[in-house]
Amino acid sequence: MITFALTFAMGCFATGLLLCLFRVIRGPGISDRILALDTMVVNAIALLVLYGMRSGTQIYFESAVLIAMLGFVSTVAYARFVLRGNIIE
Amino acid sequence: MSLFLIVLLPFAGALLPGLLIRAGRNVCAATTGAVTATALLGLIVNAPAVMRGQSLTARLDWLPALGLNANFHLDGLGLLFAGLILGIGLLIILYARFYLSREDPMGRFYTFLLLFQGAMVGIVLSDNILLLLVFWELTSLSSFLLIGYWSHLPESRQGARMALTVTGTGGLAMIAGMLILGNLADSYDLSVILTRKETIQASSLYPLALVLILAGCFTKSAQFPFHFWLPHAMAAPTPVSAYLHSATMVKAGLFLMARLWPVLSGTPEWFYIVATTGLVTMVLGALIALFKDDLKALLAFSTVSHLGLITMLLGFGTKGAAVAAVFHIINHASFKAALFMTAGIIDHETHTRDAQRLGGLRRLMPVTFAIATITALSMAGLPFLNGFLSKEMMLEEAAHTAWLGNPWLVPALATAGALLSVAYSLRYLVHVFLGPERDDYPTRPHDPGFGMWAAPALLVVPVIVIGIYPAVAEALVNTTATAVIGQDPHVHLKIWHGLTPALFLSVVAVAGGALLLSVQRPLARLWDSTPRPEAKTMFDAAIAGLAGLGNRVTDGLHNGAITRYAAIFMVTVVAVGWHAYGGGALGAETRALSQISPVAWIGWAVLVIATLGLIRYHRNRLRALVLMGVIGLIVSISFNYLSAPDLALTQLSVEVVTIILLLLALNFLPEITPPETPPLRRMRDMTIAAAAGLGAGGLIYLLMTRDFVFGTISDFHLTRSYKGGGGDNVVNVILVDFRGYDTFGEITVLGIAAIVIYAVTEALLDSPVRRRLLHRQPGHALAGDAHPMMMVIGTRVLMPIALMVAAYIFLRGHNQPGGGFIAGLVASIALVMQYMASGFAWASERQRYPYHGIIAAGVLLATATGVGSWLADRPFLTSNFGYFRIPPLKEFELATAMGFDAGVFLVVVGAVMLALESISRMARRQDNEVSPYPMDIDPARETTPAKET
């Protein structure tokens with residue numbers, strides 16, 4: 001059962017990735033793209049965790065933690081760039 | 001004194017004059033003189049042994065694998081030359097003390113002079129031809145400094161450049177020739193080479209080696225057609241001219257011809273190349289000298305002529321001629337150095353050295369006149385002076401030499417050379433000292449002080465003594481000639497040989513020369529009106545042509561467009577890859593493709609679509625950056641999926657840093673990249689890029705579907721990782737241990753790169769470009785809050801967590817995924833967050849250690865770790881490890897590699913932060929308010945500061 005659930009969840013998140021990619025490419029605005037990228041990062045974390053559960057190893061959790069901890073920094077940087085131009089002022 | 005010491009003394013002493021000039025000019029000159037005198041004394045101590053027929057050797061293996069040994073050897077030839085170099089050098093030092101004016105930096109002069117002296121002594125004492133080449137190039141370099149000493153004068157700089165170009169080019173040819181010679185003789189030691197005459201001359205490479213070596217000798221000794229640099233080198237101060245062109249630099253070529261005479265001479269090639277060149281140079285140089293009004297130019301061309309004479313004698317290849325050559329080297333050095341000094345005295349006292357403006361100086365400058373008369377008559381070859389003796393020997397040898405079966409050609413031309421020599425020597429006296437006194441000298445001429453005429457007066461002594469009583473020079477000539485021809489010639493030098501053909505030719509030369517001088521003025525007008533090839537213009541044109549060609553090639557390859565570099569690189573790689581693919585055999589597929597899960601398919605699709613999107617939208621820079629973020633994310637996940645957690649962690653953190661760096665740069669760049677190349681070229685570039693990308697992908701596919709022909713090195717690393725490096729994480733053990741030295745190099749490069757970024761942005765800080773960029777109006781309104789509270793609080797909370805994660809990743813790196821590099825990136829992101837949240841000024845105020853220092857500390861720590869293994873008698877960067885137990889903790893492992901990894905950590909943190917800080921500093925403005933608060937709006941504060949606009 002858990003295998004099925006994991007596979008189903010992974011399929012959903014992977015589809016999510018694809019759909020976000022559509023937003024990244026189509027826009028229309030820059031904020032849509034940045035938001036879509038951020039969502040992709042969240043989806044990637046989910047995929048890594050699910051994949052780790054399925055393979056029964058912890059090694060992927062660390063990558064997931066690292067993405068969770070650092071991934072938002074690029075989103076913030078994009079946002080600052082759009083709002084202020086200079087990201088370190 | 002040891003030969004090493006004799007050679008090293010001038011080099012070591014070269015440090016002194018530059019320092020002691022502060023103690024005054026006399027101290028400076030005296031010290032320089034003391035250095036040279038000590039070396040000369042050391043040489044003289046060894047002289048008796050050499051005169052007895054022994055030769056001294058000092059050996060030191062320097063790079064024996066290359067055949068390069070620091071062997072020195074003192075025989076008759078070396079003794080003569082070293083004696084001339086040091087002896088005349090001593091006189092030059094004395095003369096220069098009084099010649100140089102107060103404005104001339106004397107310390108520098110003596111430093112250059114000693115460097116040059118050391119290089120010359122090195123040449124003449126070397127027993128290894130590779131070592132000799134080193135000193136040979138050193139003379140080219142140090143003479144460049146000496147000739148260009150008056151660097152404020154354009155002629156001086158041009159003359160120095162010309163001398164360096166010509167002698168340097170010849171030196172390059174000589175390197176090739178010497179390498180061939182060394183190969184033929186199977187040794188680079190002169191003492192061995194000199195015994196291998198038959199082997200060398202029998203080889204088919206002998207002519208090539210001969211021509212290349214002679215190219216070096218001829219350029220150095222200013223032989224036709226390379227003679228043109230010497231007159232231009234006269235722009236140097238007169239002491240330099242007197243030193244370089246009488247006893248030293250130009251004699252280096254002659255020395256080498258004499259040194260290699262036993263091996264290279266005796267063949268028709270040697271005779272026709274060397275004797276002919278010498279003969280042509282002798283006549284041509286003498287002819288030009290006759291028509292030069294500048295006294296130093298006259299002496300320069302007379303030097304060319306006399307060098308030609310000696311070259312010709314060496315070229316004859318007979319033992320008698322070699323003895324005559326050696327004798328003339330001694331005589332020429334003595335009278336020519338003195339003559340150059342008199343020219344310098346005349347220039348110094350009358351402020352002109354133009355023969356047209358001089359005349360009648362005999363009463364005004366009697367001492368100079370006396371010195372000049374004796375030495376010039378010696379140069380002319382009149383009896384009872386030393387020039388006469390060697391000129392007679394030269395004519396005697398010439399009279400017996402046939403050229404292509406023609407018995408009178410060489411004697412006739414030699415006599416013509418001697419005749420011209422008489423003419424210009426007498427002209428030096430007649431046009432300068434005789435004739436009526438004039439009233440239009442630039443200044444009132446008078447004899448200089450004793451200090452200035454002492455040196456040339458001393459040189460007159462050998463001119464007269466050898467001239468009257470030649471037997472005094474016999475021992476020296478015989479010893480030197482023994483070293484050249486390999487046996488004692490037992491020459492008896494005497495003035496009267498009877499009514500020989502040489503005497504007859506000599507009489508013809510003197511009479512003809514005097515006659516020629518009487519018609520010099522009309523001839524000079526004719527000479528000036530005939531067009532002649534001007535060496536300087538030809539040289540300049542050649543150099544300009546070469547420089548132009550160099551520029552075209554360089555500009556063609558480096559036009560500043562990265563597309564061109566990439567195109568050249570890619571086309572080469574594709575071509576080479578295609579060639580290799582076509583030339584090798586491809587085995588059958590041995591590995592089946594593995595199953596791909598649907599999720600992996602989707603990841604692949606996202607990667608491909610994002611890449612295509614990036615290509616499609618790459619002109620919109622921000623959009624391209626967002627798409628790059630997508631690609632980076634998928635790549636990181638792929639690394640995880642393909643079981644490379646180390647790479648995944650690195651990729652993740654590098655992505656974040658890259659995005660921040662690019663966003664900082666984008667702030668200064670336009671939003672859209674305009675197309676700059678025509679569509680056709682874009683198509684071409686696209687084709688190249690596609691070929692390279694698809695080619696690389698195809699090759700990888702072919703590789704991965706087959707088993708490797710050779711076993712992989714993974715097993716090697718897997719089995720040794722724990723035993724050798726004490727770690728389970730092979731990736732980390734490779735980085736800090738197996739390939740630790742590579743990592744050591746890499747972190748150094750990383751640190752240098754960061755410091756270069758700092759330097760470049762530092763230079764841009766004051767540039768008008770930056771000012772323009774800072775004053776442009778943003779395309780859209782900016783949000784008001786520069787340091788929003790949400791972000792400040794969030795990053796503050798996250799910082800200790802991120803640093804803890806970094807520490808964790810660092811500590812476990814040796815056995816599990818992680819290590820200094822990833823930890824460094826994570827730590828720098830934690831710091832950058834603070835810069836972003838609270839601003840540059842606020843954050844850098846709280847940054848206690850400069851990032852440069854952190855980089856340096858990292859490199860030093862890594863070095864110290866590496867050096868530490870020396871203490872245990874192990875090679876650099878050998879790691880050691882052990883297990884420790886501190887009571888409340890469990891047992892843990894400590895490896896020395898951890899120190900090294902800490903160095904990596906520090907360098908990464910320093911480099912990333914320095915780069916980011918440097919670029920963000922560009923956007924700083926003077927009028928930026930530095931807020932004392934971490935955030936602009938803080939509900940805890942009573943009043944809010946004025947918001948930035």
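Relevant structure appears above.
Basis of the calculations
- Residues numbered from 1 in each chain as written.
- Chains lettered and ligands numbered in written order.
- Predicted model: local features only at pLDDT ≥ 70, side-chain atom pairs only at ≥ 80, totals over all residues.
- Helix = DSSP H or I, 4+ residues; strand = E, 2+ residues; numbered from the N terminus.
- Buried ≥ 20, exposed ≤ 12 C-beta atoms within 10 Å, placed from the backbone.
- Contact = placed C-beta atoms within 7 Å.
- Expected span 1.5 Å × (residues − 1).
- Nonpolar A, V, L, I, M, F, W, Y, C, P; charged D, E, K, R; others polar.
- Core = buried A, V, L, I, M, F, W, Y, C linked by C-beta atoms within 7 Å.
- Axes fitted to C-alpha atoms, helices over the stretch in contact; angles between N-to-C directions.
- Parallel < 35°, antiparallel > 145°, perpendicular 65-115°, else oblique.
- Left-handed = near helix turned anticlockwise from the far one by under 90°.
- Arc of directions from axis to C-beta.

A. Focus on the overall build of chain A. Assigned secondary structure in chain A consists of three helices and zero strands. Of the regular secondary structure in chain A, the N- to C-terminal order runs α-α-α. Residues classed as buried in chain A amount to 46% of the 89 residues present. When contacts within chain A are restricted to residue pairs at least 6 apart in sequence, long-range pairs at least 24 apart make up 44% of them.

B. Main features of helix H3 (residues 25-51) of chain B. Residue and element names in this part refer to chain B. Compared with an ideal rise of 1.5 Å per residue, which puts 27 residues at 39 Å, H3 spans 38 Å between its outermost C-alpha atoms and is within 8% of the ideal. Listed as buried for H3 are Cys28, Ala29, Thr31, Thr32, Val35, Thr36, Ala39, Leu40, Leu43, Asn46 and Val50. A positive phi of about 105° marks Gly53, the residue just after H3.

C. Looking closely at the interface of chain A and chain B. Each partner contributes to the interface: chain A provides 38 residues, whereas chain B provides 47 residues. Of all the secondary structure elements, the ones that give two or more residues to the side of chain A that touches chain B are helix H1 (2-26), helix H2 (30-55) and helix H3 (59-84) of chain A. It is H3 of chain A that provides the largest number of residues to the side of chain A that touches chain B, a total of 16 residues. Classifying every residue of the side of chain A that touches chain B by side-chain character gives 29 nonpolar, five polar and four charged.

D. Molecular detail of the nonpolar core. Residue and element names in this part refer to chain B. With 195 residues, the main nonpolar core has Ile85, Tyr95, Ile213, Leu313, Ala322 and Ala325 as its most contacted residues. Of the residues forming this core, the biggest block, 19 residues, is contributed by helix H17 (residues 319-350). Every residue in contact with Ala325, bar those within four places of it in the chain, is listed here: Ala258, Ile310, Leu313 and Leu314. The next biggest cluster of nonpolar side chains, apart from the first, holds 108 residues, and it includes Val626, Ala754, Ile855 and Val907.

E. Local environment of the packing of helix H20 (residues 409-430) of chain B against helix H23 (residues 501-518) of chain B. Residue and element names in this part refer to chain B. Contact pair H20 / H23: the axes reach a minimum separation of 7 Å and the direction vectors enclose 45°. With respect to H23, the element H20 is oriented oblique. When you trace H20 past H23, the crossing you get is right-handed. Taking contact as the criterion, the partners of Pro411, Thr415, Ala418, Leu419, Val422, Ala423, Leu426, Arg427 and Val430 in H20 are, on H23, Leu505, Val508, Ala509, Val510, Gly512, Gly513, Ala514, Leu516 and Leu517.

F. Region of the structure containing H23 of chain B. All names here are of chain B. For H23, spanning 18 residues, the distance from its first C-alpha to its last is 26 Å, which sits close to the expected 26 Å at 1.5 Å a residue. Those residues of H23 lying buried are Ala502, Leu505, Ser506, Ala509, Val510, Gly513 and Leu517. Burial along H23 is one-sided: seen end-on, the buried residues are contained in an arc of 140°. With respect to the buried face of H23, the exposed residues turned more than 90 degrees away are Val507, Ala511, Leu515 and Ser518. Packing partners of the buried residues in H23 comprise helix H18 (366-380), helix H19 (386-399), H20 and helix H24 (520-529).

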